[in-house]
Structure formats: C-alpha cells, structure tokens
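# Chain and residue survey
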Amino acid sequence: MSTFTMRRPDDWHVHLRDGPMLAGVVNFTARQFARAIVMPNLNPPVTTVAAAEAYRSRILAALEPGLSFTPLMTCYLTDGIDAGEIERGFAAGVFAACKLYPAHATTNSSHGVTDIKNIRAALETMQRIGMPLLLHGEVTDKHVDIFDREAVFIDTILAKLVRDFPALKIVLEHITTEEAANFVADGPATLAATITPHHLDYNRNAMFEGGIRPHFYCLPVAKREHHRLALRKAATSGSPKFFLGTDSAPHAVSAKETACGCAGVFCAPHAIESYAKVFDEEKAMDRFEAFASENGPRFYGLPLNEERITLEREGQSVPARVSAGGTEIVPFHAGATLGWRVAAS
Ligand code: NCD
Ligand code: ZN
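Here is a short report on the structure shown in this document.

Analysis parameters
Residues numbered from 1 in each chain as written. Chains lettered and ligands numbered in written order. Predicted model: local features only at pLDDT ≥ 70, side-chain atom pairs only at ≥ 80, totals over all residues. Heavy atoms only, no water. Donors = N, O, S within 2.8 Å, 3.2 Å for Na, K, Ca; no water. Tetrahedral: all angles 85-135°; square planar, octahedral: opposite > 155°, others 65-115°. Buried < 20%, exposed > 50% of the residue type's maximum accessible area, 1.4 Å probe, protein only. Helix = DSSP H or I, 4+ residues; strand = E, 2+ residues; numbered from the N terminus. Pairing = 2+ DSSP bridges. Axes fitted to C-alpha atoms, helices over the stretch in contact; angles between N-to-C directions. Contact = heavy atoms within 4.5 Å. Salt bridge = Lys/Arg side-chain N within 4 Å of Asp/Glu carboxyl O. Polar contact = N/O pair within 3.5 Å; in protein donor to acceptor, adjacent residues only side chain to side chain. Expected span 1.5 Å × (residues − 1). Core = buried A, V, L, I, M, F, W, Y, C linked by side-chain atoms within 4.5 Å.

Protein coordination at the zinc ion (ligand 2): the donors are His13 (NE2), His15 (NE2) and Asp247 (OD), at 2.0 to 2.1 Å from the metal. Here the zinc ion (ligand 2) is ringed by four donor atoms whose angles at the metal span 92 to 144°, and the overall shape comes out irregular. Of note, the zinc ion (ligand 2) draws all its donor residues from one chain, in the sequence arrangement H-x1-H-x231-D. For the residue pair His13 and His15, the accessibility class agrees, reading buried in each case.

Shown next as structure tokens:
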C-alpha cells in the first residue's frame, strides 16, 4: 500500500494556547483536522460562554486563509461553576463539552475541581442534556506515586462517577495505562477514551535515555512498556470507545529545558503521520479511519466529515524546532524521519 485515503480526521483533545503562540500553532492542527476539541486551560481558564466565544473568535482569526476548521470549545470546571451557564453554552452551540482538571493535576489547573461533590449540579445538568465530561484522570495526592496516579484515579474517582451518573457521557482523556484501557473497554457505552500519538510511541524510558529528556515529558507521564502495548492494542482494536486526541501541548523550548520544565508534547505538526506510523506498525491500517475519523464524532453525536485526505508512504524529516509566533518549540519526532506524509490536496 503506497497511499491511504480516509475521511478527514478530527482531534478530540488539543491545546491551542492564546496570543502569539495561538497564531503560531493553530494552523498545524487546522491543516490536518476538520475539527478539534479545544482545551480551556488558559490563564484565566475558560469558564463562561462569553469567554469561549471570544476565544473561538481568536482561533478563527488566526487561521490561514482557505482552511476549513471548526474549533469545538470546552468549559473549564471549577468548584464554583454555574450549571446554568454550562447548559446555556451547550444549547447555544458554543460549549461542546466540559473539562474536569483535578486541582493542581497539570498545567493551568490551579482553578480545577477540588472534590467531585462540588460539581454535582453541573454533572447532573450535563447528564440530562447529553453533554460530554472530559477527564484529566489523575489523582493529585502527592503520596501517590506519579506513575500510579491514573490507576488510582480510576479506582477512587472514575468507578464511582460512572456508577453515580449512568447516562453521563465520559471521555477519559489521554490514557496511559493498561488499567485505563481495560476499564474503558469493559465499561458502559457512555465511557470512551482518547489516546495520544506519543503514548502509543514511547514508554517512560524515553525520558531518561542517556540523560533527562524534557521533550518526552507530559502529563499523565508515560508509563512502562506493557502499558504502551496495551494502548496500542486498544487503539487498533476496532473498538468504538477509543479515538484520536493528540493532547498537543506546546511549550517554549525555554520552558521545557529548565530546572522545572513544563509538561506537554507538541505533537500537532505531524500528528496524523505519527498515528499512521503506529497503525502501520501494528498492521492495522484497516482500523485507522475508525479511530481517527469515525469513533470520535459518533461518541459526541456529531456528523462524520465528508472530506477525504490521502496519506502517502513517503519519508519526511521532522525539523528539530518549529517557530511559532516567535516562540521556538521542539515538536514530537524532532529530527526523525516519518514514513508517511499527507498528500497535497
Ligand atoms: C497540558 C498543557 O500543557 O496544557 N500538558 C500535558 O502534559 N498534557 C495539560 C494536560 O493536558 O495535562
Ligand atoms: Zn491536555
């Protein structure tokens, strides 16, 4: 197979940032994906319909002419979030989903939720109106080993959430463990998960190979090899519960290569080729379109894209750095050669 044509994919989890960085990164996403679920962890976070509309306008204003791209906005849940605001935003077609960051779990999550009890009204509303809840699935207890925080979240928080809100659509975002893959696969149809290209590609050793390698650090942090293999199995299984979400999270080189570097992998520039590499290696190209272009919209209750893209089996080298609005960022696969590329349309 030298070319592969599929429905244009969507990215169900991306950080587009704001200001000059937004203008520098958004087109990498918009060139490949028809739609993207845009994370609300700005500073201050996106917690109102007005803030989401204003952010959406800034995203659209930063698009290259000729690109068709729909940003799907999300509401950042806080302890004091107004359920009425969420319902209004969803009804108006502004909010596509709500994002739950446990407070202090990751970048810009200090306004996140300290206890699920505090957002009961919001969750009841979301369940009633069919609005998905997107989870950063890690506990924040410093006494829990960082490599166990996702599995402990599933046991102590997610299992109860699924029981208490049986009709609530839940997406466990950027899963990194075998426990998460199994929990989602065995769970009800209301439960799904996104998987990033980097968690499919490397295990935790990559962060320490010959020295500390900050560009492989993200949250949830990469785990052992058996977890990576479980993620590959889940992504390529054909199950409708798993779909594409890059978690592309750009940070300036200077914010990564420092004594306390930020979490996040900037995988947007070659996201679809990175996933193609994995599906190709797993001999599962026949299941690639479902993962990238069908399972996500079906879960969200949105139409499938009618446009097609073609991938060609042709080497392309990934630059060591990308300049985004004057900010230097190291992309995923920097300096490597990828075996696929998107054909000019
Ligand atoms: C994300 C970011 O930088 O905003 N970082 C990351 O490592 N994935 C936040 C997040 O999704 O956890
Ligand atoms: Zn993220």
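The subject of this paragraph is the pairing of strand E8 (residues 191-195). Counting buried positions along E8 gives five out of five residues, so the element sits mostly inside the fold. Side chains of E8 alternate between two faces, with Leu191, Ala193 and Ile195 and Ala192 and Thr194 buried alike. Of the pairings in the sheet, the one linking E8 to strand E9 (residues 242-244) comprises three bridges and is parallel in character. Paired with Thr194 across the bridge in E9 is Phe243.

So, on to the sheet that holds strand E7 (residues 170-172). Spatially, eight strands are ordered E2-E3-E4-E5-E6-E7-E8-E9 in an open sheet, and the strand pairing comes out parallel. The sheet is open, and its two borders are formed by strand E2 (11-14) and E9, each paired with just one other strand. Neighbour-to-neighbour, the strand axes of the sheet open up by a mean angle of 30°, direction not taken into account. Pairing of E2 with strand E3 (residues 35-38) involves two bridges; the strand directions are parallel. Note that in E3 the partner of Asp11 across the bridge is Ala36. Set on the sheet, helix H6 (residues 178-186) makes contact with E7, E8 and E9; between it and E8 the angle comes to about 145°.

Glancing now at the pattern of salt bridges. Inspection of the entire model under this criterion finds 23 salt bridges. Arg308 is the partner of Glu306 in a salt bridge, and the nearest nitrogen-oxygen pair spans 3.9 Å. Using a relative accessible area of 44% as the deciding quantity, one classes Arg308 as partly exposed. Among the ionic contacts, a cluster of salt bridges with common partners joins Arg7, Glu294, Arg298, Glu306 and Arg308.

The next subject is the side chain of Ser109. Tracing the sequence through the fold places Ser109 in the loop between strand E5 (95-100) and helix H4 (120-129). Exposure remark for Ser109: the relative accessible area of 1% places this residue in the buried category. In terms of polar contacts, Ser109 uses its side chain to reach the backbone amide nitrogen of Ala105, at 3.0 Å. In this view, Ser109 contacts Tyr76, Tyr101, Pro102, Ala103 and His104; residues no more than four positions away in its chain are not counted.

To continue, consider helix H2 (residues 49-61). Look at H2: 18 Å from first C-alpha to last across 13 residues, which is about the 18 Å you get at 1.5 Å a residue. Structurally, H2 contributes buried residues whose contacts are with helix H1 (19-32), E3, strand E4 (70-76), helix H3 (83-91) and E5.

Grouped together as the largest cluster of nonpolar side chains are 74 residues, with contacts concentrated most on Leu133, Leu172 and Phe288. It is helix H10 (residues 271-281) that contributes the most residues to this core, six residues altogether. Sequence-distant contacts of Phe288, defined by excluding residues within four places in its chain, comprise Phe4, Met6, Ile272, Tyr275, Ala276, Phe279 and Leu311.

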